[in-house]
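# Structural overview
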Amino acid sequence: MRSISEKTNYLTTQASLYGILLSEEEASLLLKHLALVIQKNKVLNLTRITSDKAGILLHILDSLLVYKAAETNLIKYRNFLDFGTGGGFPGIPLAIKSEVEGVLIDSVTKKVVAVEEFLKTLELDSRIKTSSDRVEVFAVKHKNEYDLVVARAVAPLATIIEYATPLLSKNGHFIAAKANISSHELDAGLKAAEFCGLEYVSRETYELPEGSGHRELFIFKKIKSAKVKLPRKNGLAKNQPLFS
C-alpha cells in the first residue's frame, strides 16, 4: 500500500468488519499517528512493527478494539488513562475515537517525549497529557480519578489489575488487552480483581484479520474498596503480586 487512499480504504474496511465506523478525519489521524511512530522508530525503539499494513492491523485496529469493547459494554467515561502506552497505543487511537480527555503513561522517558511530539503534531495535546511517572507513583497523586483505565500487553493480568485499581473512580472500568492468556494467569487475575474490589464484567474475544493474531479484552468495574491499601510500594505489584 503506497497511497494514502489505499491505506485509508484498507483501514476503514478492516475496522468496519468489527462494527467500528471511522470518519475520514479519524482515519487520517490514525494513519498519521502510525506514520509518525514508524518514522520515529528509526531512531528510538518503539515497536517491532515497521510496515503500514502490519501497523494498521496490529496497532491501529488492535487499539480500536479497546474502544469497541467499551462501546459494547456501554461504558460511559469522561476521561481515561492508558499506562504502558509505548508509542501511544491504545491511548492515541482511543483519544481520536472518543474525543475525551486522557493521560498516557510510560515509565520510559524517551517514549513519553516521542508521544508528546505525536500529540502536538496531531493537535491532540490540548486534551491528552503524558507522564513518565511509574504507575504506582502516578496513582498516589491521582487516586480515584479516571473513569476508564486501559492497558495493552503490559504485564500479567493480576499485576495490571493492581496497577489500575487505585486510579479508577467509583464504578470506573478497567480494560486489559491480552493476546493468548493461560488459564493460570486468568485465575490469578480474577482472584486479584475480587481482592481489589473489581467486578468481572466481560471477556471480549477477537481474531485479527488475515491471521494476524488472537485478542482477548477483559473488562472490570470498580465496585468497592480493595482489601489492601493501594498502591503498594514501587515494584511490589510486579515482583510480589497479590496472586500468581
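Procedures and definitions
- Residues numbered from 1 in each chain as written.
- Predicted model: local features only at pLDDT ≥ 70, side-chain atom pairs only at ≥ 80, totals over all residues.
- Heavy atoms only, no water.
- Phe/Tyr/Trp six-rings, centres within 6.5 Å; stacked < 30°, edge-to-face > 60°.
- Helix = DSSP H or I, 4+ residues; strand = E, 2+ residues; numbered from the N terminus.
- Buried < 20%, exposed > 50% of the residue type's maximum accessible area, 1.4 Å probe, protein only.
- Pairing = 2+ DSSP bridges.
- Right-handed = clockwise from strand over helix to strand, strands pointing away.
- Axes fitted to C-alpha atoms, helices over the stretch in contact; angles between N-to-C directions.
- Contact = heavy atoms within 4.5 Å.
- Core = buried A, V, L, I, M, F, W, Y, C linked by side-chain atoms within 4.5 Å.
- Polar contact = N/O pair within 3.5 Å; in protein donor to acceptor, adjacent residues only side chain to side chain.
- UniProt positions renumbered as here; feature names shortened; annotations may be inferred.

Moving on, we come to the packing of aromatic side chains. Tallied over the full model, the rule gives 7 aromatic pairs. Their ring planes at 85° and their centres at 5.9 Å tell us that F83 and Y163 sit as a pair that is edge-to-face. Taken together, the residues F83 in strand β1 (residues 79-83) and Y163 in helix α7 (residues 157-164) connect sequence positions 80 residues apart. Note on Y163: relative accessible area 12%, which makes it buried. An aromatic cluster of at least three residues, connected via ring pairs, comprises F83, Y163, F174, Y200 and F220.

Buried residues dominate β1, accounting for 5 of its 5 residues. Of the two faces of β1, the one holding N79, L81 and F83 and the one holding F80 and D82 are both buried throughout. The sheet contact formed by β1 and strand β2 (residues 101-105) spans 5 bridges and is parallel. Residue pairing for β2: F83 is matched across the bridge by I105. Each parallel crossover has a hand, and the one from β1 via helix α4 (residues 91-98) to β2 is right-handed. Where β1 and strand β4 (residues 146-152) come together, 3 bridges link them in parallel fashion. Its bridge partner being in β4, D82 is matched across the sheet by V150.

We now examine the sheet that holds strand β5 (residues 168-178). Note on sheets: strands pair through backbone hydrogen bonds, and any given pair is parallel or antiparallel. Spatial strand order, β3-β2-β1-β4-β5-β7-β6: 7 strands in an open sheet with mixed pairing. This sheet does not close on itself; its edge strands, each paired only once, are β3 (128-131) and β6 (198-208). Pairwise comparison of adjacent strand axes, ignoring direction, gives a mean angle of 20° for this sheet. Against the sheet, helix α3 (residues 52-72) contacts β4, β5, β6 and β7 (213-222), and its axis sits at roughly 140° relative to β6.

Turning next to the nonpolar core. Grouped together as the largest cluster of nonpolar side chains are 52 residues, with contacts concentrated most on L11, I60, Y77, F80, I92, I175 and L217. Per-element accounting of this core gives the leading share, 11 residues, to α3. Counting residues in each nonpolar core, the second largest holds 32 residues, with A155, A164, I181 and L230 among its members.

In this section: the environment of Y10. Tracing the chain through its elements places Y10 in helix α1 (residues 4-16). Under the relative-accessibility criterion, Y10 is labelled buried at 14%. Sequence separation of Y10 and K53 is 43 residues, and the distance between their C-alpha atoms is 8.4 Å. Looking at Y10, its side chain comes within polar contact range of the side chain of E210, at 2.7 Å.

Time to look at the UniProt feature "binding site: S-adenosyl-L-methionine" (unreviewed entry) in the protein chain. Sequence positions flagged by UniProt for "binding site: S-adenosyl-L-methionine" (unreviewed entry) are, in local numbering, G84, F89, V135, E136 and R152. Looking at where G84 falls in the secondary structure, it is placed in the loop between β1 and α4. Accessibility expressed as a relative area gives 31% for G84, which makes it partly exposed. With sequence-adjacent residues up to four places away left out, G84 is seen in contact with F89, I105, D106 and V154. What makes V135 buried here is its relative accessible area of 10%. Aside from chain neighbours lying at most four places away, what touches V135 is F83, Y163 and L167.

Below, the discussion takes up the side chain of D147. When you line up the elements, D147 lands in strand β4. Relative accessible area serves as the criterion here: at 9%, D147 is assigned to the buried category. For D147, the side chain forms a polar contact with the side chain of R78, separated by 2.7 Å. In terms of polar contacts, D147 uses its side chain to reach the side chain of S169, at 2.9 Å. Every residue in contact with D147, bar those within four places of it in the chain, is listed here: K76, Y77, R78, N79, L168, S169, G172 and H173.

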